[in-house]
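# Tertiary structure, described
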Amino acid sequence: MNRYLLIASLVAAAGLVACERTTVVPVPVAVPGPAGPTGATGDSGATGNTGSTGSTGSTGATGSTGYTGATGNTGNTGNTGSTGDTGATGATGQQGATTGGTTVIVVPPAASAPTN
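These numbers come from a predicted model, not from an experiment. For every chain, the first residue of the written sequence is number 1, and numbering continues from 1 along that sequence. Totals for whole chains, interfaces and linings use every residue, but because this is a predicted model, local features are given only for residues with pLDDT of at least 70 and side-chain atom pairs only at 80 or more, for both listing and counting. In computing side-chain properties, one takes all heavy atoms of the structure into account and sets aside hydrogens as well as water.

### Section: the overall build of the protein
Rule in force here: Strands are runs of DSSP state E lasting at least two residues, helices are runs of H or I lasting at least four, and both sets are numbered from the N terminus onward. The rule is simple: take the accessible area with a 1.4 Å probe, protein chains only, and divide by the maximum for that residue type; under 20% is buried, over 50% is exposed, in between is partly exposed. Shrake-Rupley sampling with a 1.4 Å probe provides the accessible areas, and residues are treated as covered by the protein chains on show and by no other component.
For the protein, the helix and strand inventory stands at 1 helix and 2 strands. Each helix (α) and strand (β) of the protein, taken in turn from the N terminus, gives the series α-β-β. Residues counted as buried form 0% of the 116 residues belonging to the protein. Taken as a whole, the protein presents about 12,400 Å² of accessible surface, with 55% of it coming from carbon and sulfur.

### Let's talk about the confidence of the model for the protein
Our working definition: What pLDDT conveys is the predictor's confidence in a given residue, as a value from 0 to 100.
Across the protein, the average pLDDT comes to 80, with 80% of residues at or above 70. Of all helices and strands in the protein, the one with the weakest mean pLDDT is strand β1 (residues 98–99) (60), whereas helix α1 (residues 2–18) scores best (77).

Here is the structure:
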């Protein structure tokens, strides 16, 4: 037990000696003085060369002509209309009577057009 106490005190002393205290030293800060006169303006740089112009592209080929469309069918011919009936023949008028040597002619009335 005596040795234990001795070893513990030696380790504690070594630990305290190993700790080093750092000292902070102030660093002087430079304070700028008054500004000096403005310097002369520098020369302008040289202008660069213009690049080469590219070549013009080729003209494209002409497209093919399209096909002609199909012709439509001819329509059917319409039916011929019915022919109307022939009208009936009118009756023959009566012969006028002869009186005293004079002949009287009776004209039948005008026939009207047949209707359908």
